[in-house]
Amino acid sequence: MKALASCIWGLFRLCMSGPGGKAGLVCFGGVLALNLAGVYVNVRLIAWYAAFYNALQKMDASAALTQIGVFLILIALASALALLAIWVRKIGIMHWRGALTSAMLDAWLNSRAHWRLAHGGQPDNHIDNPDQRIAEDCEIFVRRLLSEALDVITMVVGLFTYFSVLWSLSTFSLPLGFIGLDVEIPRYMVWAAPIYVLLSSLVTHVLGARLMKLNMEQQHREADFRYALSRLREASSAVSLQAGEPAERRILDQRFSRIVDNWRYLIRREFIVGCFIRPYMMSTMRLPLFLAAPAYFAGNVALGGLMQLNVAFQQVTQTMSWFIFSYHDLAEFVSAARRLNGFRVRVGEAAGASSGIALTHGDVDQLETRGLSLTSPHGGVIARIPDFTISRGETVWLRGASGRGKSTLFKALAGMWRYGEGKVVCPSGRAMFLPQHPYLPLGDLHQAAVYPASLLAEGELPKPGERAFTVAQAEALLQAVGLGGRAATWAPAAAETGCARGHCIAHAGPQGLSGGEQQRLMLARVLAAAADWVFLDEATSALDQQAERELFQLLRQRLPGATLVIVTHRPPPLPGPVRTIDLTWPEPEEAGQVAVFRVATA
Ligand SMILES: Nc1ncnc2c1ncn2[C@@H]1O[C@H](COP(=O)(O)OP(=O)(O)OP(=O)(O)O)[C@@H](O)[C@H]1O
């Protein structure tokens, strides 16, 4: 319980510390005030019952007519307060959700925690479906936090008010002569309400305890299914080419059947809980009438008083029944809070985890590695790298058989790979690493060409310190790498994806460009970044030799002082001297089955 409270408190602080935190708090205060005003209107309504039914009993038509007018005013007021409260509550949710989502995105993206959790993490550090946690759980947490917290406060205030009304009305006692006892229970209507609710809460908790776990599991399985669907959408060309639809269908069916399995348990449990809650809800409407009937027949209370008592009793039981009625919502809230907190903790651990590889950034013109050894997250050695130095302006070909650790070495140089030991001294200047698999961001082709820099809209100026390009500059880059004019004929899916500038790649996905064209696009980014240190991981593997030669020449011509470190399986066709760092198998007696880099100059 203490752990749950501290996890909710920690998440609440994130809601408060974000940009919309204070505005959310103002909304919270506003809804609270509106809810309390609603309690006041309810108390007036309770009093109205006595006045109206007494007028009916006395056959006083004009008093009854007046009370109908009062009723209309009270109902209009109650409705206005409730609608306004819903509206302000939703504004508050928007502010706090924005703050919480922003905090979660910061945690996930900062310090490359998203990569470490997905690829470089230990199995026990793995976290499932971060997208669900950020997109869905933040919303559930904030929506439920606001509604449940407000309900609790309104409930406590309302309870005192309704209780005092009930106390003042239940002046009569219940003689227990009908069961042979010579005692009377004074104000028995007052005691009946909490006893009834407490017993019912206990039953609800016993019946519904499993709901919380089942809800959590359901959301987990739903997210797994969604993930499988989105993977299929991304890889639809590859699946289609391999006629993999039946296999995909099997995977999707498996995941969906897991949803259905848990769903069955969930429905069953909800049914069991419902079997108690539904009659309970309906009985609270009539129970007070039955309980107060002896007093009415004994002449202790008039018809108006009986109706007033009925409503006061209902208000007390309904207010106290908050726990019962909110059981499902509370279960959802607790599940979301636990998942979000787990995500936050894991992301924090991943971001703060120390690296065995010491990476220092010096004001030097050379990249140096000393005693570098790369291991897998589980500790197995991937490659031992002999010390090497690469100077500014050099062209280096890093070659080696598949799986020898070339990409892992790049990740270590980029500061991502932290498994292993040794020292890397990074030089000054801008570095750019092009991954083996091209990445196309959501947006249009011009945006993709300058990624990760920004693309300026017409008339927009770059923010201070921001690297940004105009559409004309981006088009010139596309032109340089042989993709001139492609942006204009790009996948016409703008309306579906909601892109601002028209020609989006989001809908078409990477399939909209051939493999070679995607690699041309990546090289446009190197030109855009004007990087001093360029690391290309098989970045031209899909190009024909002529195109490869032309693009390398372009790189050298546009970035004459840059260092190019190139991983390819064939010699890069570059003008000028190219130094080779060669990956070969060591002699077994030298280094077992461990890959070693040999530095040589070609
Ligand atoms: N996250 C990881 N967890 C465990 N092992 C990994 C991980 N990433 C890479 N490896 C292993 O490290 C080894 C080197 O992989 P790497 O991708 O660096 O090879 P490579 O030389 O770039 O290969 P290729 O030329 O085929 O691209 C492989 O055996 C691979 O399975």
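All chains use their own residue numbering, which begins from 1 and follows the written sequence. Note on the predicted model: pLDDT of at least 70 is required for a residue's local features to be given, and 80 or more for side-chain atom pairs to be given and counted; whole-chain, interface and lining totals, by contrast, use all residues.

Some remarks on the overall build of the protein chain
Then, in step 1: Along its length, the protein chain carries 18 helices and 15 strands.
Then, in step 2: In this setup the radius of gyration rests on C-alpha atoms only. A globule is expected at 2.2 Å times the number of residues raised to 0.38. The C-alpha radius of gyration of the protein chain comes to 35 Å, more than 25% above the 25 Å expected for a compact globule of 602 residues.
Then, in step 3: Across its three principal directions, the C-alpha atoms of the protein chain cover 110 × 60 × 50 Å.
Then, in step 4: Counting other C-beta atoms within 10 Å of each residue's C-beta, where C-beta atoms are placed from the backbone, gives the exposure class: buried for 20 or more, exposed for 12 or fewer, partly exposed between. For the protein chain, with 602 residues in total, the buried portion stands at 32%.
Then, in step 5: Long-range pairs, those at least 24 residues apart, make up 75% of the contacts in the protein chain with a sequence separation of at least 6. Secondary structure elements are defined from DSSP: runs of H or I of at least 4 residues count as helices, runs of E of at least 2 residues count as strands, and each element is numbered from the N terminus. Each residue gets a C-beta atom placed from its backbone, and two residues are in contact if those atoms lie within 7 Å.

Quick word on the site of the ligand
Then, in step 1: Using the backbone to place each C-beta atom, any residue with that atom within 6 Å of a molecule or strand is considered near it. The full set close to the ligand counts 14 residues, and Ser-376, Ser-402, Lys-406, Ser-407 and Thr-408 are the nearest of them.
Then, in step 2: Mapped onto the shell around the ligand, the elements with two or more residues apiece are helix H4 (113-120) and helix H12 (406-413).
Then, in step 3: Per element, the largest residue contribution to the shell around the ligand is 3 residues, and it comes from H12.
Then, in step 4: Classification convention: Asp, Glu, Lys, Arg as charged; Ala, Val, Leu, Ile, Met, Phe, Trp, Tyr, Cys, Pro as nonpolar; all other residues, Gly among them, as polar. When the residues that make up the shell around the ligand are grouped by side-chain class, the tally is 2 nonpolar, 10 polar and 2 charged.

Some words on the nonpolar core
Then, in step 1: Residues Ala-449, Leu-478 and Val-534 are the most contacted members of the largest nonpolar core, which totals 57 residues.
Then, in step 2: Per element, the largest residue contribution to this core is 6 residues, and it comes from helix H16 (residues 515-529).
Then, in step 3: Apart from residues no more than four positions distant in its own chain, Leu-478 is found in contact with Leu-445, Ala-449, Leu-483, Gly-484, Arg-486, Ala-487 and Ala-524. We define a nonpolar core as a collection of buried residues of the types Ala, Val, Leu, Ile, Met, Phe, Trp, Tyr and Cys that are connected via C-beta atoms lying within 7 Å of each other.

Comments concerning the UniProt feature "transmembrane region" (unreviewed entry) in the protein chain
Then, in step 1: UniProt positions are given in the numbering used here, feature names are shortened, and annotations may be inferred rather than shown by experiment. The UniProt record annotates "transmembrane region" (unreviewed entry) at residues 33-56, 68-87, 149-169, 189-211 and 287-307.
Then, in step 2: Secondary structure across residues 68-87 comprises 100% helix and 0% strand; the distance between its end C-alpha atoms is 29 Å.
Then, in step 3: For residues 189-211, the helix share is 100%, the strand share is 0%, and the end-to-end C-alpha distance is 33 Å.

Structural notes on the environment of Gly-98
Then, in step 1: By secondary structure assignment, the location of Gly-98 is in helix H3 (residues 61-109).
Then, in step 2: Expressed as a C-alpha distance, the spacing of Gly-98 and Gly-18, which sit 80 residues apart in the sequence, is 7.8 Å.
Then, in step 3: When neighbours within four sequence positions are excluded, Gly-98 is seen to be in contact with Gly-18, Pro-19 and Gly-20.

Re H16
Then, in step 1: Expected span of a helix: the number of residues minus one, times 1.5 Å. Taking 1.5 Å of rise per residue, the 15 residues of H16 would be expected to cover 21 Å, and the 22 Å separating its terminal C-alpha atoms lies within 8% of that figure.
Then, in step 2: Those residues of H16 that fall on the buried side of the exposure criterion are Gln-519, Arg-520, Leu-521, Met-522, Leu-523, Ala-524, Arg-525, Val-526 and Ala-528.
Then, in step 3: Two residues or fewer after H16 comes Ala-530, characterised by a positive phi angle close to 45 degrees.

Describing the pairing of strand S13 (residues 563-567)
Then, in step 1: The element S13 is largely enclosed, with a buried count of 5 among its 5 residues.
Then, in step 2: Residues Thr-563, Val-565 and Val-567 of S13 are buried on one face, and the alternating residues Leu-564 and Ile-566, pointing to the opposite face, are buried as well.
Then, in step 3: Two strands are said to pair when DSSP picks up at least two bridges between them. The pairing of strand S7 (residues 395-399) with S13 spans 4 bridges and is classified as parallel. Pairing of Thr-395 across the sheet is with Leu-564, part of S13.
Then, in step 4: By the bridge criterion, 5 bridges tie strand S12 (residues 533-537) to S13 in an arrangement that is parallel. By the bridge assignment for S13, Val-534 is matched with Leu-564.
Then, in step 5: If the strands point away from the viewer and the path from the first strand over the helix to the second runs clockwise, then the crossover is right-handed. In the classification by handedness, the crossover that spans S12, the intervening helix H17 (residues 545-558) and the parallel S13 is right-handed.

Observations concerning the environment of Gln-518
Then, in step 1: Tracing the sequence through the fold places Gln-518 in helix H16.
Then, in step 2: For Gln-518, a count of 19 C-beta atoms within 10 Å corresponds to the partly exposed category.
Then, in step 3: Taking the C-alpha atoms as reference, Gln-518 lies 9.9 Å from Ala-448; in sequence the two are 70 residues apart.

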